[in-house]
Amino acid sequence: MQRSLNRDLEHIASPDPVLRRVLAAEIRAACVNVGFFYVKHHGIPEAVIHAVTTSSRPYFSLPIATKTKLDIHRSSNFKGYTALLSENANINNKGDLHEGFDIGWESIDHATQPCNSGPMTGPNVWPEGLPGFREDVLAYYHAAVKLGQSLFPIFAAALDLPENFFDDKFTATGVIMRLLHYPPQPATPLQGVEGIGAHTDYECFTILWQDDVPALQVMNTSGTWIDAVPIPGCLVVNLGDQFARWTNDVFKSTLHRAINASGQERYSIPVFFGVDHDVKLEPIPGCVTKDNPAKYEVVLAGEYVKSRLEATYAHSKQPFEHGVA
Ligand SMILES: O=C(O)CCC(=O)C(=O)O
Ligand SMILES: [Fe+2]
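Rules used throughout
- Residues numbered from 1 in each chain as written.
- Chains lettered and ligands numbered in written order.
- Predicted model: local features only at pLDDT ≥ 70, side-chain atom pairs only at ≥ 80, totals over all residues.
- Helix = DSSP H or I, 4+ residues; strand = E, 2+ residues; numbered from the N terminus.
- Rg over C-alpha atoms; globule rule 2.2 N^0.38 Å.
- Buried ≥ 20, exposed ≤ 12 C-beta atoms within 10 Å, placed from the backbone.
- Contact = placed C-beta atoms within 7 Å.
- Near = placed C-beta within 6 Å.
- Pairing = 2+ DSSP bridges.
- Axes fitted to C-alpha atoms, helices over the stretch in contact; angles between N-to-C directions.
- Right-handed = clockwise from strand over helix to strand, strands pointing away.
- UniProt positions renumbered as here; feature names shortened; annotations may be inferred.
- Expected span 1.5 Å × (residues − 1).
- Parallel < 35°, antiparallel > 145°, perpendicular 65-115°, else oblique.
- Nonpolar A, V, L, I, M, F, W, Y, C, P; charged D, E, K, R; others polar.
- Arc of directions from axis to C-beta.
- pLDDT = per-residue confidence, 0-100.

Looking now at the overall build of the chain. Within the chain one finds 7 helices and 12 strands. Radius of gyration (C-alpha) of the chain: 19 Å, near the 20 Å computed for a compact globule of 325 residues. Its C-alpha atoms give the chain principal-axis dimensions of roughly 55 × 50 × 40 Å. Counting across all 325 residues of the chain, residues that qualify as buried make up 41%. Long-range contacts, defined as pairs at least 24 residues apart, comprise 78% of the intrachain contacts of the chain with a sequence gap of at least 6.

Here it is, written out as structure tokens:
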């Protein structure tokens, strides 16, 4: 992915509307043409990133039996551990060569209760014996939520909407965060096994931290895979299908995949920004025109994400349904 797709968020909350409009125009160009961009000056403190990435490694080094105690199939709302090959982002593949740990909204201090996030409502599950793990993961989650909250007004401006358009549609209860670990795999992957198969994301947008091991690839409009190499100090932002449906494909949700052929372990952290579960994804004003007629049926945001998650994990569900695992 070109370095010209690097957006500087320094002025994201500037009181100067001209600076915010310049940023919105740059972000619009990336969203309409590519659906992927890098961000620098994103505001997530280096110490918060360091803590969560340092906590992620010992988590994945836990014995498999410890990790599968919290297997995502034991949860009714997609929380916990996903084992190697248990997710399958591309249904034509055989399973993804990564393992993960998924959480949803939770207050750091237990003081506030999350409001209803619809079908995904439910407590997070936390492994025992890793002091500081929950705190480090939640600190990153909340810092990422703050960044996502600051991006929504810019996306709104990029769509020629009032900057507060998403304010009553995003309370952060639909935000899912994953710690991911990709073991190395051969440079020519076995047929049907990639780190994560070609897919589009399900929510409005994703903020991705990746370590310095390259693996992520994005498909361009000619159907060629382009490397989205890690850039120090930058995060990747990509749009997902909630935004594509809502904007009638004015904003692009682009196919991407990861293949870790580096010979080293790779770690990444995507945070997926879904809007509140009861938001109807009806075409945003201005996105349906004579030349761009409505393409999608109207769906509820939370039901939509739930159905996509169910499809992703369906192929590894059986042993849990029959109580074997
Ligand atoms: O790990 C990565 O670089 C990409 C992860 C991803 O695409 C996803 O989890 O949806
Ligand atoms: Fe993705």
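As a matter of local geometry, ligand 1 sits amid Arg178, Leu180, Ile196, Asp201, Leu208, Gln210, Leu216, His256, Ala258, Ser268 and Pro270. Sorting the residues of the shell around ligand 1 by element identifies β5 (175–182), β7 (205–210), β11 (256–258) and β12 (266–273) as the ones contributing at least two each.

What follows is about the sheet that holds β7. In space, the 8 strands of this open sheet follow the order β1-β2-β10-β7-β12-β5-β4-β3, with mixed pairing throughout. If you trace the sheet from one side to the other, it starts and ends with β1 (6–8) and β3 (80–82), each paired once. For this sheet, the mean angle separating the axes of adjacent strands, direction not counted, is 25°. Contacting β4 (99–103), β5, β7 and β12, helix α2 (residues 46–60) crosses the sheet at an angle of about 115° to β12.

Quick look at the pairing of strand β2 (residues 36–40) now. Among the 5 residues that make up β2, 4 are buried, leaving the element largely enclosed by the rest of the structure. Of the strand pairs in this sheet, β1 and β2 are connected by 3 bridges, and their pairing is parallel. Each bridged residue has a counterpart across the sheet, and for aspartate 8 the counterpart in β2 is lysine 40. With helix α1 (residues 17–33) bridging β1 and the parallel β2, this β-α-β connection has right-handed handedness. As defined by bridge partners, β2 adjoins strand β10 (residues 235–239) across 4 bridges and the pair is classed as antiparallel. Opposite tyrosine 38, over in β10, you have valine 236 as the bridge partner.

Time to look at the UniProt feature "domain: Fe2OG dioxygenase" (unreviewed entry) in the chain. Under the UniProt annotation, the feature "domain: Fe2OG dioxygenase" (unreviewed entry) is placed at residues 171–275. Annotation note: span residues 171–275, helix share 6%, strand share 39%, distance between end C-alpha atoms 7 Å.

Between its terminal C-alpha atoms helix α4 (residues 133–158) stretches 37 Å, which fits the 38 Å expected from 26 residues at 1.5 Å a residue. Of the residues flanking the end of α4, it is aspartate 160, one or two places downstream, whose phi is positive at about 60°.

This part takes up the packing of α1 against α4. Closest axis-to-axis distance for the α1/α4 pair is 8 Å, and the angle between their directions is 75°. In this view, α1 runs roughly perpendicular relative to α4, as classed from their interaxial angle. Where α1 abuts α4, its residues Arg20, Arg21, Leu23, Ala24, Ile27, Arg28 and Cys31 lie against Ile154, Phe155, Ala157 and Ala158. Of the residues contributing to the contact of α1 with α4, the split by class is 8 nonpolar, no polar and 3 charged.

Mapping glutamate 128 onto the fold places it in the loop between β4 and α4. Using a count of 10 C-beta atoms within 10 Å as the deciding quantity, one classes glutamate 128 as exposed. Distance from glutamate 128 to threonine 66, taken between C-alpha atoms, is 8.8 Å for residues 62 residues apart in sequence.

Turning next to α1. Taking 1.5 Å of rise per residue, 17 residues should cover 24 Å, and α1 covers 24 Å from first to last C-alpha, within 8% of that figure. Among the residues of α1, those classed as buried are Ala24, Ile27, Ala30 and Cys31. The buried side chains of α1 occupy one side of the element, clustering within an arc of 125° when seen end-on. Away from the buried face of α1 by more than 90 degrees, exposed residues Val18 and Ala25 are located.

On to the confidence of the model for the chain, then. The predicted model of the chain averages 93 in pLDDT, with 95% of residues at 70 or higher. Model confidence for the complex: the whole-complex pTM is 0.95, and ipTM, which rates the interface, is 0.99.

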